[in-house]
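Observations on the three-dimensional arrangement
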Amino acid sequence: MKTIHENRESQIESMLQQLPQAAQQGLGGLTAGPHLKAKIQLAATEPAKSRTRSLRQLMRWSPIACCMAALVLFVALGLPGQGTQPVSLIDSSTLGSPTEMPGEITGDLGNSGVKITAGNRNPGYRSIWATSNGGSFPLLGVNGKYYRMLTSPRSVSSSLIGSSLGTVAEFTMEPSLSGTDTILSNAAAFGKEVFAIRGMEDTLVTAEVDGRMRLFQRVSFNGNALRGREDLRDTLQVSGRVVGLELSSVGTITDPAVCSELMDVLFDCASYKSSGSVSSQQALLIELENGLVLQMAVKSDSLAACGVWSCPEFFEAFEDACN
């Protein structure tokens, strides 16, 4: 004949077995992905009236939440504390991922994950730009200049961080609808400070995203590319800094002197085509002496980052240097 203690254990075990199914039925369809996380961050910056409205909507879940809380409390109080090993029946995780934002590529490459190695005559395509995920790519807009987040480095060294450019005044999931007279982002939260990379303010900036200082490269966005009298050299401030070049399916150059000559050809001969972008499976990676790596998309005889530029002379010189 079962004792009262044994009956109680049996009841608790039965309730635990049914808890995942009950939670699934009660919360069916609710997923904690990056877009939900972004919406929560955006809601945090909205007026109190909007937040009150959101709170009323959240209250709809209260009966389920209370029921589950009561069940967990009952189980916690009822489980025997001696001679048993707890069994995990429900897996849990934080909302979304600590490093995941809309459009961010998964699988960080680390602080030194992108390196250009000598002798690679047929390098495969590599992209270090964070990709979009159902919306705009992760970006920072600084008074009409736009910067796209890179997947490497995972966190920018403090020794590379220069002067402050201000703080994010607008966090938005629709940056294309915003003006060009403010600092905005769909990745860095409202109020986060934006810094220039030393000596490269018009090319690279950094800001905290989910606890890490992430790197952003100057690109075209929403028809915005060059500002005023800028040219390619202004938006790609790498003269005298390049130690490696990698052109997908063509080769790599790791002699700084040759890299400098090739970049001079690019700057001297490139002609501006448009403020748009190109879609391709070829890229030019540019490694700098400070360890950072930049990218330009390549299609036919054109390269694109901040604007699209035509420069067949560069590709001819690059192939000659590889041979």
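Up top is the structure these notes are about.
First things first, this report covers the structure right here in the doc.

Conventions we followed
Residues numbered from 1 in each chain as written. Predicted model: local features only at pLDDT ≥ 70, side-chain atom pairs only at ≥ 80, totals over all residues. Heavy atoms only, no water. Helix = DSSP H or I, 4+ residues; strand = E, 2+ residues; numbered from the N terminus. Contact = heavy atoms within 4.5 Å. Areas by Shrake-Rupley, 256 points an atom, 1.4 Å probe, with all protein chains shown as cover. Pairing = 2+ DSSP bridges. Axes fitted to C-alpha atoms, helices over the stretch in contact; angles between N-to-C directions. Core = buried A, V, L, I, M, F, W, Y, C linked by side-chain atoms within 4.5 Å. Buried < 20%, exposed > 50% of the residue type's maximum accessible area, 1.4 Å probe, protein only. Expected span 1.5 Å × (residues − 1). Arc of directions from axis to C-beta. Polar contact = N/O pair within 3.5 Å; in protein donor to acceptor, adjacent residues only side chain to side chain. Phe/Tyr/Trp six-rings, centres within 6.5 Å; stacked < 30°, edge-to-face > 60°. Lys NZ or Arg CZ within 6 Å of the ring centre and 35° of its normal. Disulfide = S-S within 2.5 Å.

**Considerations on the overall build of the protein**
For the protein, the helix and strand inventory stands at seven helices and 15 strands. Across the protein, the fraction of contacts at a sequence separation of at least 24, relative to all contacts at a separation of at least 6, is 70%. When the accessible surface of the protein is summed, it comes to about 17100 Å², and 51% of that surface belongs to carbon and sulfur atoms.

**Considerations on the sheet that holds strand β12 (residues 283-288)**
Here we have seven strands laid out as an open sheet, ordered β10-β9-β12-β13-β14-β15-β11, and antiparallel in their pairing. Each end of this open sheet is capped by a strand with a single partner; those strands are β10 (251-253) and β11 (271-274). Pairs of neighbouring strands in the sheet enclose a mean axial angle of 25 degrees, with direction left out of account. Bridging between strand β13 (residues 293-299) and strand β14 (residues 302-305) involves three bridges; their strand directions are antiparallel. Pairing of Val298 across the sheet is with Leu303, part of β14. Sheet strands in contact with helix α6 (residues 256-269) are β9 (242-247), β10, β11, β12, β13, β14 and β15 (307-310), and its direction is about 70 degrees off that of β9. Running over the sheet, helix α7 (residues 312-322) touches β9, β10, β12, β13, β14 and β15 and is turned about 85 degrees from β10.

**Quick word on the nonpolar core**
Most often, soluble globular proteins have nonpolar side chains that are buried together. Counting residues in hydrophobic clusters, the biggest one holds 51 residues, and the most contacted among them are Leu245, Leu284 and Ile286. For this core, the secondary structure elements donating two or more residues are β6 (193-197), β8 (212-219), β9, α6, β12, β13, β14 and α7. Other than its neighbours up to four places away in sequence, Leu245 contacts Ile116, Gly251, Thr252, Ile253, Cys259, Leu262, Met263, Leu284, Leu285, Ile286 and Phe318. Within the second largest apolar cluster, 14 residues are counted, among which are Ala130, Val142, Met149 and Val205.

**With respect to α6**
In this model, α6 (14 residues) spans 20 Å end to end at C-alpha, consistent with the 20 Å of a helix rising 1.5 Å per residue. Within the span of α6, buried status applies to Cys259, Leu262, Met263, Leu266 and Phe267. Projection of α6 onto a plane perpendicular to its axis shows the buried side chains occupying an angular sector of 135 degrees, all on one side. Exposed and facing more than 90 degrees away from the buried side of α6 are Glu261 and Asp268. One side-chain oxygen of the residue at the start of α6 lies 2.9 Å from the amide nitrogen of Ala257, identifying that residue as Asp255.

**Some remarks on the sheet that holds strand β4 (residues 170-171)**
With mixed pairing, the eight strands of this open sheet are ordered in space as β3-β6-β7-β8-β2-β1-β5-β4. A strand with exactly one partner marks an edge of an open sheet, and here the two such strands are β3 (161-167) and β4. Inspection of the sheet shows β6 paired to strand β7 (residues 204-209) by three bridges, in the antiparallel sense. Bridging from a neighbouring strand, Phe195 pairs with Thr206 of β7.

**Brief notes about the environment of Thr235**
You can see Thr235 is positioned in helix α5 (residues 232-235). Sequence separation of Thr235 and Glu201 is 34 residues, and the distance between their C-alpha atoms is 8.9 Å. Contacts of Thr235, omitting those with residues within four sequence positions, involve Asp202, Thr203, Arg218, Leu226, Glu230 and Cys306.

**Points about the packing of aromatic side chains**
Considering all chains together, one arrives at five aromatic pairs under this definition. Seen in terms of ring centroids, Tyr146 and Phe221 are 5.0 Å apart; in terms of plane orientation they differ by 50 degrees. Their pairing is tilted. Taken together, the positions of Tyr146 in strand β2 (residues 145-149) and Phe221 in the loop between β8 and α5 put the pair 75 residues apart, joining distant regions of the chain. The residues Tyr146 and Phe221 share a single accessibility class, namely buried. Among the aromatic residues, those joined into a ring-pair cluster are Phe137, Tyr146 and Phe221. The side chain of Arg148 reaches across the aromatic face of Phe137, ending 4.3 Å from its centre.

**As for the state of the cysteines**
Working definition: the covalent bond between the sulfur atoms of two cysteines is a disulfide. Taken as a whole and judged by the stated rule, the model has zero disulfides. Between Cys269, a free cysteine, and Cys311, which holds the nearest cysteine sulfur, the sulfur-to-sulfur gap is 5.2 Å. A relative accessible area of 35% places Cys269 in the partly exposed class. Cys259 provides the cysteine sulfur closest to Cys322, a residue in no disulfide bond, and the two sulfurs are 9.9 Å apart. Residue Cys322 is classed as buried on the basis of its relative accessible area, which comes to 14%.

**Points about the pairing of β14**
Covered by surrounding structure in β14 are Ser302 and Ala304 together with Leu303 and Ala305, the residues of both alternating faces. Count of turn residues in the β13/β14 antiparallel hairpin: two residues, of which Ser300 carries a positive phi of about 60 degrees. Of the strand pairs in this sheet, β14 and β15 are connected by four bridges, and their pairing is antiparallel. Residue pairing for β15: Ser302 is matched across the bridge by Ser310.

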